[in-house]
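Structural features, examined
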Amino acid sequence: MNDNTENDSKLLPSIWFWNSNIRKFIPLDVLDCLDKEIQEKLEKNQFEKARIGHDTNQRKDLEYRDTDVFMFDALHWFSGILFNIGLASNVQAEWNFGIHSPQCLQIAIYKESHHYKWHSDWAPLTRDPNIRKISVVCMLSNKEEYTGGALEIEGVGEIILNRGDIVVFPSLISHRVQPVTSGIRKTATLWILGNRSF
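So, here is what we can say about the structure in this document. Source: prediction; values computed, not measured.

Cut-off values and rules
Residues numbered from 1 in each chain as written. Predicted model: local features only at pLDDT ≥ 70, side-chain atom pairs only at ≥ 80, totals over all residues. Heavy atoms only, no water. Pairing = 2+ DSSP bridges. Helix = DSSP H or I, 4+ residues; strand = E, 2+ residues; numbered from the N terminus. Disulfide = S-S within 2.5 Å. Buried < 20%, exposed > 50% of the residue type's maximum accessible area, 1.4 Å probe, protein only. Polar contact = N/O pair within 3.5 Å; in protein donor to acceptor, adjacent residues only side chain to side chain. Contact = heavy atoms within 4.5 Å. Phe/Tyr/Trp six-rings, centres within 6.5 Å; stacked < 30°, edge-to-face > 60°. Lys NZ or Arg CZ within 6 Å of the ring centre and 35° of its normal.

1. A closer look at the sheet that holds strand 9 (residues 151-153)
The strand order across the open sheet formed by 5 strands is 3-6-12-9-10, and the pairing between neighbours is antiparallel. Edge positions in the open sheet fall to strand 3 (65-66) and strand 10 (157-159), since each of these has one partner strand only. For strand 9 and strand 12 (residues 175-177), the ladder comprises 3 bridges, and the chain directions are antiparallel. Bridge pairing links leucine 151 to valine 177 in strand 12.

Structure below.
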């Protein structure tokens, strides 16, 4: 569902928004299944502090990024759901990026004061032949479960997401997660890869 209404503009939309209030693109019982898996990982202490950087240059920097994450591989069943939504967004938003596969599925848990400062998801200067081209973010928490923690996208502004809402955007666009002031904010993020030529 397009959140950008300026049809006469020659610019392509910065984001593609799938609003769960209009249509349940992901049924709530499917989200419940994912929540069960996340809870099992939490009980086994399998989440860890998120890192910044790429490849061998990764490091923890809690001032810049403070959140707990767990990575499912690209073949996880929920990756397939978000991958299809990302493919559809690429066509409907007319980005038409050359993309071919999901990278991995990141589950992020933001507790009070957790945040992620301005950043982009792509890394064009790595030696990897494939780079992130599309970022797909699905909110797993009800908006009543936390305060703060708004997703802010450069050129778009703050986006308030409810459980099941999905926002898709080109990975090169800068964005941030504002500090959570209370409660717990959970998201699932999938990156879609393509080769270096756009």
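Still to come is the rest of the account.
2. A word on the state of the cysteines
All chains considered together, the criterion is met by 0 disulfides. Among the cysteines around cysteine 33, which has no disulfide bond, cysteine 138 carries the closest sulfur, lying 13 Å off. Classification of cysteine 33 as partly exposed rests on a relative accessible area of 43%. Take cysteine 104: it sits in no disulfide, and the sulfur closest to it among the cysteines is that of cysteine 138, at 16 Å. Relative accessible area serves as the criterion here: at 15%, cysteine 104 is assigned to the buried category.

3. What to know about unusual backbone geometry
Leaving glycine aside, a negative phi is the common case for residues, and trans is the common case for peptide bonds. Located in the positive-phi region is asparagine 45, a residue other than glycine, with phi close to 55 degrees. Note on placement: asparagine 45 falls in the loop between helix 1 (28-43) and strand 2 (48-49). A residue is classified by how much of its surface remains accessible, and asparagine 45, at 67% relative accessible area, is exposed. The backbone of asparagine 96 shows a phi angle near 55 degrees, a positive value even though the residue is not glycine. Topologically, asparagine 96 is positioned in the loop between helix 2 (77-92) and strand 5 (101-110).

4. Some points on the side chain of aspartate 68
Here aspartate 68 is to be found in strand 4 (residues 68-73). Within the local environment of aspartate 68, its side chain forms a polar contact with the side chain of lysine 49, the two groups lying 3.2 Å apart. Beyond its immediate stretch of four places on either side in the chain, aspartate 68 contacts Phe47, Glu48, Lys49, Ile107, Ala108, Ile109, Lys111 and His114.

5. Notes on the packing of aromatic side chains
The way to describe two aromatic rings as a pair is by their centre distance and the angle between their planes. Evaluation of the coordinates by the stated rule reveals 6 aromatic pairs. Look at tryptophan 18 and phenylalanine 25: their rings are 4.8 Å apart centre to centre, the planes differ by 90 degrees, and that puts the pair in the edge-to-face class. The exposure classification of tryptophan 18 matches that of phenylalanine 25, with both residues buried. These aromatic residues form a ring-pair network of at least three members: Phe47, Phe70 and Phe72. Taking the ring centre of tryptophan 191 as reference, the NZ or CZ of arginine 132 above it sits at 3.7 Å. Sitting over the ring of tyrosine 110, arginine 185 keeps its end group 5.0 Å from the ring centre.

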